[in-house]
Amino acid sequence: MSNIIIIDKLNLAPAIQEQLETVYDPELKPANIVDLGLVYEIITKEDGTAKIIMTLTAPGCPVAGEIMEEVQRKVANVSGVKEALVELTFDPPWTKDMMSEEAKLELGFL
């Protein structure tokens, strides 16, 4: 499983992660963003805020806006989430090593 840092005051991380597993980087289908290792942190706070800290495969990713918008929309739809925030980081930068074995297999890296 991926090494996502989870700080979950609302106990919603499993439901949030389930939603994140339905988001794909179009260039790396069929693997979802969780299996790709693009999700670094899932944080929920008592006030109903859910924050996702994630990265992309490359800083110049042409679909960055679309992916982040989809993440924001899907997390916001999780019952109990009042506000969904998505923060993009490139620290640490993504590498193929961050992918799950399953994703590496699906994408032919194994």
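Residues numbered from 1 in each chain as written. Predicted model: local features only at pLDDT ≥ 70, side-chain atom pairs only at ≥ 80, totals over all residues. Heavy atoms only, no water.

- As annotated in an unreviewed UniProt entry, the protein carries the name DUF59 domain-containing protein and comes from Sphingobacterium arenae.

**Examining the overall build of the protein**
- A tally of regular secondary structure across the protein gives 3 helices and 4 strands.
- Taken against the 2.2 N^0.38 rule, which gives 13 Å for 110 residues, the C-alpha radius of gyration of the protein at 13 Å falls within 12% of a compact globule.
- Principal axes of the C-alpha set define a box for the protein whose edges measure 40 × 25 × 25 Å.
- Within the protein, the fraction of its 110 residues that count as buried is 45%.
- Contacts in the protein between residues far apart in sequence, at least 24 positions, make up 64% of those at least 6 positions apart.
- Accessible surface, the protein: about 6000 Å² in total, of which carbon and sulfur atoms supply 50%.
- Charge-centre separation for the protein: the mean point of 9 positive side chains lies 3 Å from the mean point of 19 negative side chains. (Helix = DSSP H or I, 4+ residues; strand = E, 2+ residues; numbered from the N terminus. Rg over C-alpha atoms; globule rule 2.2 N^0.38 Å. Buried < 20%, exposed > 50% of the residue type's maximum accessible area, 1.4 Å probe, protein only. Contact = heavy atoms within 4.5 Å. Areas by Shrake-Rupley, 256 points an atom, 1.4 Å probe, with all protein chains shown as cover. Lys, Arg positive; Asp, Glu negative; His and termini not counted. Charge placed at Lys NZ, Arg CZ, Asp CG, Glu CD.)

**Here's the deal with the sheet that holds strand 4 (residues 83-88)**
- Spatially, 4 strands are ordered 1-2-3-4 in an open sheet, and the strand pairing comes out mixed. The open sheet terminates on both sides in strands that have one partner only, identified here as strand 1 (5-8) and strand 4. Going from strand to strand, the sheet's axes swing by 10° on average, the running direction of each strand aside.
- Bridge analysis of strand 3 (residues 49-54) against strand 4 gives 6 bridges, and the strand direction is parallel. Counterpart to Thr49 in the pairing with strand 4 is Glu83.
- With respect to the sheet, helix 1 (residues 13-20) is in contact with strand 1, strand 2 (39-44) and strand 3, its orientation differing from that of strand 2 by roughly 140°.
- Taken strand by strand, helix 2 (residues 64-76) contacts strand 3 and strand 4, and its axis lies near 150° from that of strand 4. (Pairing = 2+ DSSP bridges. Axes fitted to C-alpha atoms, helices over the stretch in contact; angles between N-to-C directions.)

**Quick notes on the nonpolar core**
- In terms of nonpolar packing, the biggest core is built from 31 residues, with Ile16, Leu20, Ile33, Ile52, Val71 and Val75 touching the most fellow members.
- Of all elements in the fold, only helix 1, strand 2, strand 3 and helix 2 reach the threshold of two or more residues within this core.
- No other element matches the 4 residues that helix 2 contributes to this core.
- In this view, Val71 contacts Leu20, Val23, Ile33, Ile52, Met54 and Val86; residues no more than four positions away in its chain are not counted. (Core = buried A, V, L, I, M, F, W, Y, C linked by side-chain atoms within 4.5 Å.)

**Overview of the environment of Cys61**
- Here Cys61 is to be found in the loop between strand 3 and helix 2.
- According to the relative accessible area criterion, Cys61 is buried, its value standing at 9%.
- Between the C-alpha atom of Cys61 and that of Asp25, which follows or precedes it by 36 residues, the distance is 9.5 Å.

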